[in-house]
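# A look at the structure
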Number of protein chains: 2
Amino acid sequence: MSETEISTLGEFGLIDALTRDFKVKNASTLKGVGDDCAVIDYGDKKTLVTTDLLLEGIHFDLTYTPLKHLGYKAVAVNLSDIYAMNGTPKQITVSLGISKRFTVEHINELYSGIYAACERYGVDLVGGDTSASVTGLLISITCIGEAAEEEIVYRSGARDTDLICVSGDLGAAYMGLQLLERERVASAGLDKDFQPDFAGREYLLERQLKPEPRADVIAELRELGIRPTAMMDVSDGLSSELLHICKQSGVGCRVYENRIPIDYQTAVMAEELNMNLVTAAMNGGEDYELLFTVPLTDHEKVEQMKTARLIGRITKSELGAYMVTRDDAELEIRAQGWNAFGNS
Amino acid sequence: MSETEISTLGEFGLIDALTRDFKVKNASTLKGVGDDCAVIDYGDKKTLVTTDLLLEGIHFDLTYTPLKHLGYKAVAVNLSDIYAMNGTPKQITVSLGISKRFTVEHINELYSGIYAACERYGVDLVGGDTSASVTGLLISITCIGEAAEEEIVYRSGARDTDLICVSGDLGAAYMGLQLLERERVASAGLDKDFQPDFAGREYLLERQLKPEPRADVIAELRELGIRPTAMMDVSDGLSSELLHICKQSGVGCRVYENRIPIDYQTAVMAEELNMNLVTAAMNGGEDYELLFTVPLTDHEKVEQMKTARLIGRITKSELGAYMVTRDDAELEIRAQGWNAFGNS
């Protein structure tokens, strides 16, 4: 890989190099990169807006995160927020802060991941801001999406007797992070040809490094004619997200330990690291699965879902938020999600 | 001022503390902070989106920038981009990266400036992302605005014989920065009660520390029935912006040195620092004035404007981009704007 100092291109040159081959896909994108603003046409649909900030040393570690995957993930986590409203993502803006140790080739790698996610999910890159940074890499992405007003699902719509569902499985991204951290520590001081052995753990790495937003879950919900009453994506951990829905909907909940979906590789890794498996699944975070509630009358429809499963039910607020263990004990659910300010 | 470590609030506590008193003002804001996404209703209007990233040590120096002003400016520069499309700003998202040396009180100061700008320009804060950072403060703001399709003004619409206008005056923000830098260097090593003397220079400081987006220029253009053919805001410097309009419109230009608007304080400061005044006005940047072109037939209307003045005319592309000096020489316009990657 050749190395080009970013200063040889300058900001406008860099933006031009990064965006000139990108073709706009949505009719609603009237104007993308290259003016003061992007211009988006939504007619009668409602516009959704979400934004995420990813900082080196806080949200990612480049010693084990390929830049292409990082770009993909940065987009994916924003799309996930749009799907979590039952919307369709349409446009993103990407702002980058880039320190001197990064070359144009590095930033191209990052953008190749950004574009791969845009391509896969039919999203247009419409603007951004690119700057030098004093230290490290930072990525700030804003995503704009659309939804008809009656389709939008908030966190506040869960009602007593609703069923609680979650897509995919939980805890794998967290276990992937533990695995990467362990190998990083183990390889420190070894020669640079050291190759960590990740055989049989590919799923955990993929979940950590290249999460996919669950567009397929939204599609299946529509196919089955299910409109969730409340929904959000699982970024901080199931416990934390359940408490958000309970608080904003003014309800309580019971989830069942034996219903929490966990992949085999997650279970093996938890055992190997001597960690509590259910704690990892409840509090691990970064799963980007969808947590949603549906009316009790949708019970049969939900049972047919291939992408999600029933894990509990909504109760009256005064009954609190509890997990029912395998031996029928009730454990109060507490937010132990990942906290970027360090006090968990 | 008391000091609260941010970790005592945590991310959700901090967001809650920062946003709970903010009242939504626009009917189009269906949902602000507190869900996966903001929800914005634009009916038949077109949506505009712009984003800016401000990094400590690159875009601002906290030794002389009050946090409240920084928050105000961070919003102002985004609003300026929406006005530069002839649109009306409506919503912003604010993402912050905050290192350990900042307290909750610091961040409240920053937000008081953000809210002051929102209040003054009728804009809603609808979301964001807040995180710890390894070093320094960073602010990423995205602004959403609206405009009817036929009102939107791009950079690409300038035509041969159009008149070129600019609002306010140029170079003052740059001179304000020189003044602040000089005092910072002069005060280094002195005791902390040292008070720099800025008397008579207040305008320069205000232009650097608290720029105002030119909503009033847009209002006057509408009042006089002028629809610019091309428009952008002056953030990198007049030279750089003129070349953007020429390139994107496929035209050339002549601007007249004796028409460039310069404030008295800017001129005095340039003389004191032994700097070329016109160079500062053409290349200084951060003025956040509006540069626009109008058809020749609007000549009389433009002459009536209180907020802007005529500085030149658009020519055929092959005539190039030149400044006509006071002694009728022609100097080629080159972009020497501020470049965040350090190669000017």
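A brief structural summary. (Residues numbered from 1 in each chain as written. Chains lettered and ligands numbered in written order. Predicted model: local features only at pLDDT ≥ 70, side-chain atom pairs only at ≥ 80, totals over all residues. Heavy atoms only, no water.)

Pairing in this open sheet of six strands is mixed, and the strands run β1(A)-β2(A)-β3(B)-β6(B)-β4(B)-β5(B) from one edge to the other. Both outer strands of the open sheet, β1 (29-31) of chain A together with β5 (124-132) of chain B, are each paired with one neighbouring strand and no more. The average undirected angle you get between the axes of adjacent strands in this sheet is 20 degrees. By the bridge criterion, 10 bridges tie strand β3 (residues 46-55) of chain B to strand β6 (residues 138-147) of chain B in an arrangement that is antiparallel. Looking at the pairing, T47(B) lines up with E146(B) of β6(B). Of the strands in this sheet, β3, β4 (88-98) and β6 of chain B touch helix α2 (residues 67-83) of chain B, which is tilted by about 35 degrees from β6(B). (Pairing = 2+ DSSP bridges. Helix = DSSP H or I, 4+ residues; strand = E, 2+ residues; numbered from the N terminus. Axes fitted to C-alpha atoms, helices over the stretch in contact; angles between N-to-C directions. Contact = heavy atoms within 4.5 Å.)

With that settled, the discussion passes to the pattern of salt bridges. Under the counting rule described, the total for this entry stands at 36 salt bridges over all chains. Here R120(A) and E212(A) are joined by a salt bridge, their closest N and O atoms 3.2 Å apart. Remark: E212(A) occurs in the loop between α5 (202-209) and α6 (215-223) and R120(A) occurs in helix α3 (residues 104-121); sequence separation between them is 92 residues. Between E56(B) and R101(B) there is a salt bridge, and its shortest N-O distance comes to 2.3 Å. Here E56(B) is found in the loop between β3 and α2, whereas its partner R101(B) is found in the loop between β4 and α3 (104-121), with 45 residues between them in sequence. On the basis of relative accessible area, R101(B) is assigned to the partly exposed category, the value being 46%. (Salt bridge = Lys/Arg side-chain N within 4 Å of Asp/Glu carboxyl O. Buried < 20%, exposed > 50% of the residue type's maximum accessible area, 1.4 Å probe, protein only.)

Once that is clear, we can look at the relation of the copies chain B and chain A. Each copy of the sequence occupies a distinct position, and chain B is placed on chain A by a rotation of 180 degrees and an axial shift of 0.0 Å, giving an RMSD of 0.0 Å. Each copy turns onto its partner about a two-fold axis. Nearest to the rotation axis, the C-alpha of G43(B) is located 2.8 Å from it, this being the minimum over chain B. A symmetric contact is evident, with 100% of the interface residues of chain B recurring at the interface of chain A. (Least-squares fit on C-alpha atoms with pLDDT ≥ 70 in both.)

Quick look at the packing of α5(A) against helix α8 (residues 264-272) of chain A now. All names here are of chain A. The geometry of α5 relative to α8 is characterised by a closest axis approach of 8 Å and an angle of 100 degrees between their N-to-C directions. The orientation of α5 with respect to α8, classified from their angle, is roughly perpendicular. Contacts from E202, Y203 and L204 in α5 reach Q265, T266 and M269 in α8. Its residues assigned to classes, the contact of α5 with α8 comprises three nonpolar, two polar and one charged. (Parallel < 35°, antiparallel > 145°, perpendicular 65-115°, else oblique. Nonpolar A, V, L, I, M, F, W, Y, C, P; charged D, E, K, R; others polar.)

On to the nonpolar core, then. Counting residues in hydrophobic clusters, the biggest one holds 57 residues, and the most contacted among them are I92(A), Y111(A), I139(A) and F292(A). Of all the elements, α3(A) adds the most residues to this core, at nine residues. Discounting residues that sit within four places of it in the chain, I92(A) has contacts with V75(A), I114(A), C118(A), V123(A), D124(A), L125(A), V126(A), G127(A), I141(A), T142(A) and C143(A). Grouped together as the second largest cluster of nonpolar side chains are 56 residues, F22(B), A74(B), V94(B) and L221(B) included. (Core = buried A, V, L, I, M, F, W, Y, C linked by side-chain atoms within 4.5 Å.)

Quoted interface sizes are often the accessible area lost when the parts come together. In this complex, chain B contributes 69 residues to the contact, which on the side of chain A involves 69 residues. Summing both partners gives a buried area of about 5,400 Å² for chain B against chain A, and 58% of it is carried by carbon and sulfur. With its nearest N and O atoms 2.9 Å apart, the salt bridge here joins K46(B) to D41(A). Sort the elements by how many residues they give to the side of chain B that touches chain A and β3(B) lands first, with nine residues. (Buried area = accessible area lost by both parts, 1.4 Å probe.)

The phi angle of most residues is negative, glycine excepted, and most peptide bonds adopt the trans form. Even without being a glycine, T161(A) presents a positive backbone phi close to 80 degrees. As for its placement among the helices and strands, T161(A) is situated in the loop between β6 (138-147) and β7 (163-167).

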